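# Geometric and topological summary
Spelled out, the chains give:
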Amino acid sequence: KNCFRELVLESTSLADEEAIILANFLENDMRLTRLNLGSNFIKEDGAIALSKSLLQNTTLEHFNLSYNSLTPMGVDCLVKMLCSNCSLRKFSLATRRSNCPSEKIQDHANSSIFSRLEDLNLSNQKPVGDIVGLLSALTTNPNLQILNLSGCGIDDKRGAKLMHLLRDEYSLQELDVGDNNFSEVTCPALADLFASRCSLTTVTLSNNQLLCGGFSSLIKSLQDNRGIRNLSLAHMRAIYKRVQKGSRDSVSRNSFKEWTYKRVVSRAEVEDLIVQLLQTNCSLQVLQLSREMVSRYRNQLRIMAIGREKRIMVKTEGPRD
């Protein structure tokens, strides 16, 4: 008689053959509530078998299939399963950047998908086509608390729409949209989100191109925010503009224009804005930065001192590999 509730088989070199055996077990099991199959070698056949078994299973609540070798067809079957499964509350399908992207995640956006999930991790899944329908389905979920869309290749246009949709998502507490393609267009939408009555407590914006003209308005909205406790701004990328450096005359008296590239927001401005954020925000507990954002050692010491004074843990990371 089954008596265990949790089964962890992470990093155990499972392949499709073992996944099919597990699928047969899950189809009839009514006790297991947590299953971790992360970091294995499960491919298409294993994913399809697991999807079919979870259509019958009514007890599994947490399912981790991250960092396997899933194909687009395998991912599609898992997403179809979510449309009919009535028990899953936490589902992780994060993948490595080298894996091929899923082409069909967004095809099921108009169904009842994600209506029960509390924790969804689609890190590094890059749906081909319009992801906005998927995001609309996510944000109508009244139970969603944790959403990880890091490395999903979301561009400015879709990022702005996502932030607009999240303004009315009052259950969401943790949002990770790091390592996407956000820049100038997304900044105002992010500022509006943080200025709204959203329930976010943890936000990751790292590795986006947000050191742009809208960065000051973004920081201003964070200064006034009273909900966010943990904020990551590490490895922010700067936007540069081309400016004329000068001109010179050659022997033939032809004029040559010399051009250079200048940051839209200087390092000094970024450092001053970070200091203002630390000085005025009353709820922040952890702030994650990177050393290239605050390059001057004197200002690093200043920021650390303000953090200690305000009881904010300021973490700094070195350059990315």
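Since this is a predicted model, take the numbers as computed values, not measurements.

### Describing the overall build of the protein
Within the protein one finds nine helices and 13 strands. Going through the 321 residues of the protein one by one, you find that 49% of them count as buried. Taking the intrachain contacts of the protein between residues at least 6 apart in sequence as the baseline, contacts between residues at least 24 apart amount to 82%. Here the protein has roughly 15700 Å² of accessible surface; of this, 48% comes from carbon and sulfur atoms.

### Section: the environment of M163
Locating M163 in the fold gives a position in helix α5 (residues 156-166). Given the relative accessible area of 0%, M163 is considered buried. Along the primary structure M163 and L190 are separated by 27 residues, whereas in three dimensions their C-alpha atoms are 6.0 Å apart. Each residue touching M163, except ones within four places of it in the same chain, is listed here: V177, F182, T186, A189, L190 and L193.

### Here's the deal with unusual backbone geometry
Only a minority of non-glycine residues have a phi that is not negative, and only a minority of peptide bonds are not trans. At N207, a residue that is not glycine, the phi angle is positive and equals roughly 55°. Relative to the elements of secondary structure, N207 occurs in the loop between β8 (202-204) and α7 (215-224). The phi dihedral of R311 is positive, around 60°, even though this residue is not glycine. For R311, the location among the structural elements is in the loop between α9 (297-309) and β13 (313-317).

### Re the packing of aromatic side chains
By the definition in use, this model includes one aromatic pair. When the centroid spacing of 6.1 Å and the interplanar angle of 40° are considered together, the rings of F63 and F91 count as tilted. In this pair, F63 sits in strand β3 (residues 62-64) while F91 sits in strand β4 (residues 90-92), placing the two residues 28 residues apart along the sequence. Owing to a relative accessible area of 2%, F63 belongs among the buried residues under this scheme.

### Regarding the side chain of D16
When you line up the elements, D16 lands in helix α1 (residues 16-28). A distance of 3.0 Å separates the side chain of D16 from the backbone nitrogen of G46, its partner in a polar contact. Not counting residues within four places of it along the chain, the set of residues in contact with D16 comprises F41, I42, K43, E44, D45 and G46.

### Notes on the sheet that holds β13
Within the open sheet, the eleven strands sit side by side as β1-β2-β3-β4-β5-β6-β7-β8-β9-β12-β13. Their pairing is parallel. Because the sheet does not close on itself, it has two edges, and the strands there are β1 (6-8) and β13. Sheet twist, expressed as the average angle between the axes of neighbouring strands with direction ignored, equals 5°. The pairing of strand β5 (residues 119-121) with strand β6 (residues 146-148) spans three bridges and is classified as parallel. Directly across from D119, in β6, lies its bridge partner I146.

### Describing the nonpolar core
The nonpolar side chains of a soluble globular protein tend to be buried, and buried together. Grouped together as the largest cluster of nonpolar side chains are 80 residues, with contacts concentrated most on F63, F194, L205, L233 and L287. Residue contributions to this core peak at six residues, all from helix α8 (residues 267-280). Residue contacts for F63: discarding those within four places in its chain leaves L35, L37, L50, L54, L78, L88, K90, F91 and S92.

### Re helix α2 (residues 44-56)
In a regular helix each residue adds 1.5 Å, so 13 residues correspond to 18 Å; α2 covers 19 Å between its end C-alpha atoms and thus fits that length. Buried positions along α2 lie against α1, β3 and α3 (72-84).

### Looking at the packing of α2 against α3
Running from amino to carboxyl end, α2 crosses α3 at an angle of 5°, the nearest separation of the two axes being 8 Å. Classified by the interaxial angle, the pair formed by α2 and α3 is roughly parallel. Across from E44, A47, I48, S51, L54 and L55 in α2, the residues of α3 making contact are M73, G74, C77, L78, M81 and S84. Residue classes in the contact of α2 with α3 are distributed as eight nonpolar, three polar and one charged.

### Some thoughts on the pattern of salt bridges
Under the criterion given, the structure shown has six salt bridges. With a shortest N-O distance of 2.8 Å, E61 and R89 are connected by a salt bridge. Residue E61 is located in the loop between α2 and β3, and its partner R89 is located in the loop between α3 and β4; the two are separated by 28 residues in the primary sequence. For E61, a relative accessible area of 28% gives the class partly exposed. For R89, a relative accessible area of 27% gives the class partly exposed. Within the structure, one salt-bridge network assembled from shared partners comprises E61, R89 and E118.

The rules we used
- Residues numbered from 1 in each chain as written.
- Predicted model: local features only at pLDDT ≥ 70, side-chain atom pairs only at ≥ 80, totals over all residues.
- Heavy atoms only, no water.
- Helix = DSSP H or I, 4+ residues; strand = E, 2+ residues; numbered from the N terminus.
- Buried < 20%, exposed > 50% of the residue type's maximum accessible area, 1.4 Å probe, protein only.
- Contact = heavy atoms within 4.5 Å.
- Areas by Shrake-Rupley, 256 points an atom, 1.4 Å probe, with all protein chains shown as cover.
- Phe/Tyr/Trp six-rings, centres within 6.5 Å; stacked < 30°, edge-to-face > 60°.
- Polar contact = N/O pair within 3.5 Å; in protein donor to acceptor, adjacent residues only side chain to side chain.
- Pairing = 2+ DSSP bridges.
- Axes fitted to C-alpha atoms, helices over the stretch in contact; angles between N-to-C directions.
- Core = buried A, V, L, I, M, F, W, Y, C linked by side-chain atoms within 4.5 Å.
- Expected span 1.5 Å × (residues − 1).
- Parallel < 35°, antiparallel > 145°, perpendicular 65-115°, else oblique.
- Nonpolar A, V, L, I, M, F, W, Y, C, P; charged D, E, K, R; others polar.
- Salt bridge = Lys/Arg side-chain N within 4 Å of Asp/Glu carboxyl O.

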